[in-house]
Amino acid sequence: MKKIDAVCFGLAVTDLLITGFNSEVVFSGDLTRMEGMELSVGGDALNEASVLASLGYGVSLMSRLGDDLFARHVVETIEKRGVQNGMAIQPGQHTGLSIVLIRPDGQRHFAVRKWDETLAVTHAEDLDMELIEQAKVVSYGSLFTSGDLDSEKLVPILRKAQQAGTITCADIMMELGASLEQVEKALPYLDYMLPSLEEAAYYTGQETPSQMAQVLLEKGVGTVIIKMGGEGVFVKNTELEVTLPAFAVPVVDTTGAGDNFVAGFISGLIDDLPLLECVRRGNGCGAISVQQVGASAAVKSKQQLLDFLAAHA
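This text gives an overview of the structure that appears in the document.

**As for the nonpolar core**
A general tendency of soluble globular proteins is for nonpolar side chains to be buried together. Counting residues in each nonpolar core, the largest one holds 52 residues, and the members touching the most others are Leu 52, Leu 61, Tyr 192, Ile 225, Phe 265 and Val 279. If one sorts the elements of this core by residue count, helix H8 (residues 257-270) sits on top with eight residues. When residues no more than four places from it in sequence are discounted, the contact partners of Phe 265 are Tyr 192, Leu 194, Ile 225, Leu 275, Cys 278, Val 279, Arg 281 and Gly 282.

**Some points on the sheet that holds strand E3 (residues 36-42)**
Consider a sheet: its strands pair through backbone hydrogen bonds, and that pairing is either parallel or antiparallel. Pairing in this open sheet of four strands is mixed, and the strands run E3-E2-E8-E9 from one edge to the other. What marks the edges here is a single partner per strand, and that holds for E3 and strand E9 (108-112). Averaged over all pairs of adjacent strands, the angle between strand axes in this sheet comes to 25°, irrespective of strand direction. Inspection of the sheet shows strand E2 (residues 13-19) paired to strand E8 (residues 97-102) by six bridges, in the parallel sense. Bridge pairing in E8 places Leu 16 opposite Ile 99. Each of E2, E3 and E8 touches helix H3 (residues 69-81); the most contacted strand, E3, lies at about 75° to it.

**Some points on the pairing of E9**
Pairing of E8 with E9, which is carried by five bridges, proceeds in the antiparallel orientation. Looking at the pairing, Ile 102 lines up with Arg 108 of E9. As consecutive antiparallel partners, E8 and E9 are separated by five residues, and within that stretch Gly 106 has a phi angle of approximately 90°, a positive value.

**Things to note about the state of the cysteines**
What is meant by a disulfide is a covalent connection between two cysteines, made through their sulfur atoms. Across all of its chains, the model carries zero disulfides by this definition. Left unpaired, Cys 169 is separated from the closest cysteine sulfur, that of Cys 8, by 9.0 Å. A relative accessible area of 1% means that Cys 169 is categorised as buried. The thiol of Cys 278 is unpaired, and the distance to the nearest cysteine sulfur, on Cys 169, comes to 9.4 Å.

**Things to note about the environment of Val 138**
Assignment of secondary structure puts Val 138 in strand E10 (residues 135-143). Overall, Val 138 belongs to the buried group, its relative accessible area being 2%. Val 138 sits 88 residues away from Ser 50 along the chain, and the two C-alpha atoms are 14 Å apart. If sequence neighbours within four positions are ignored, Val 138 has contacts with Val 7, Phe 9, Ile 132, Ala 161, Thr 166, Ile 167, Thr 168 and Cys 169.

**Focus: the environment of Pro 104**
By secondary structure assignment, the location of Pro 104 is in the loop between E8 and E9. Each C-alpha atom of the pair Pro 104 and Val 252 lies 7.8 Å from the other, and the pair is 148 residues apart in sequence. When sequence neighbours within four positions are dropped, the list of residues in contact with Pro 104 reads Gly 20 and Phe 21.

Basis of the calculations
Residues numbered from 1 in each chain as written. Predicted model: local features only at pLDDT ≥ 70, side-chain atom pairs only at ≥ 80, totals over all residues. Heavy atoms only, no water. Core = buried A, V, L, I, M, F, W, Y, C linked by side-chain atoms within 4.5 Å. Buried < 20%, exposed > 50% of the residue type's maximum accessible area, 1.4 Å probe, protein only. Helix = DSSP H or I, 4+ residues; strand = E, 2+ residues; numbered from the N terminus. Contact = heavy atoms within 4.5 Å. Pairing = 2+ DSSP bridges. Axes fitted to C-alpha atoms, helices over the stretch in contact; angles between N-to-C directions. Disulfide = S-S within 2.5 Å.

Now the structure itself:
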């Protein structure tokens, strides 16, 4: 039996959430009173780990932080939520800060510092391979969020995980100028890849979800799960091709919805559920998350998720 349910590695940042953002209004004068401003936490790996901990699973978060106020805020928050602290603190670097501009329709835009040597992002040496090999599932929050890992360095990490019987997953971030060629050698070691529709289109150059998924399958990915927002989720592997509808819920803030989906999906893998039941859990966590401002605090418990799914059966 595995000693830990999941390990998530990738970005862990501080989020400044600004609600009611309207660019025409904001830039029309010197002062704009926003609906709300809240300091929170975010980052793909942190969001996944936080939601998994809220669902009651044992999860470790591995990331790199600077030695600053934002780092202390991140560490205090995740430990309070029950996430095992696998952080590497790097003196002289800044912890990532995202300013999240949330429009009245719940859609959002991120303003972040340019990636450079002064910003703390995850490196291969930050990862505890022994713990990863002891996990039921390991998830790389997003390909192309940590330059050091988005190279051949990712290959031995995922290969060793698979050899130890750990299920491997990765989301992906749309980084202009990046290409699948940079991580192509790592893709055969991914059991599941979970891009958004826009990301899948950008990296594959294809027009339909089926075509996008086929490109990734041919590069060695086991199963491709494409998140399509309100249009649902497309799933394809060598045995299955299906679209599952999204749950119809009021949308307040879509920040972190994809990460919540991944966490819900991983929870199903941990519980050995059939693939489509895992996807349904992902849809449930995503639907719960968009009804509240913030990236990772809406999902409170596994019972909440199960009640939501039962109510929407």
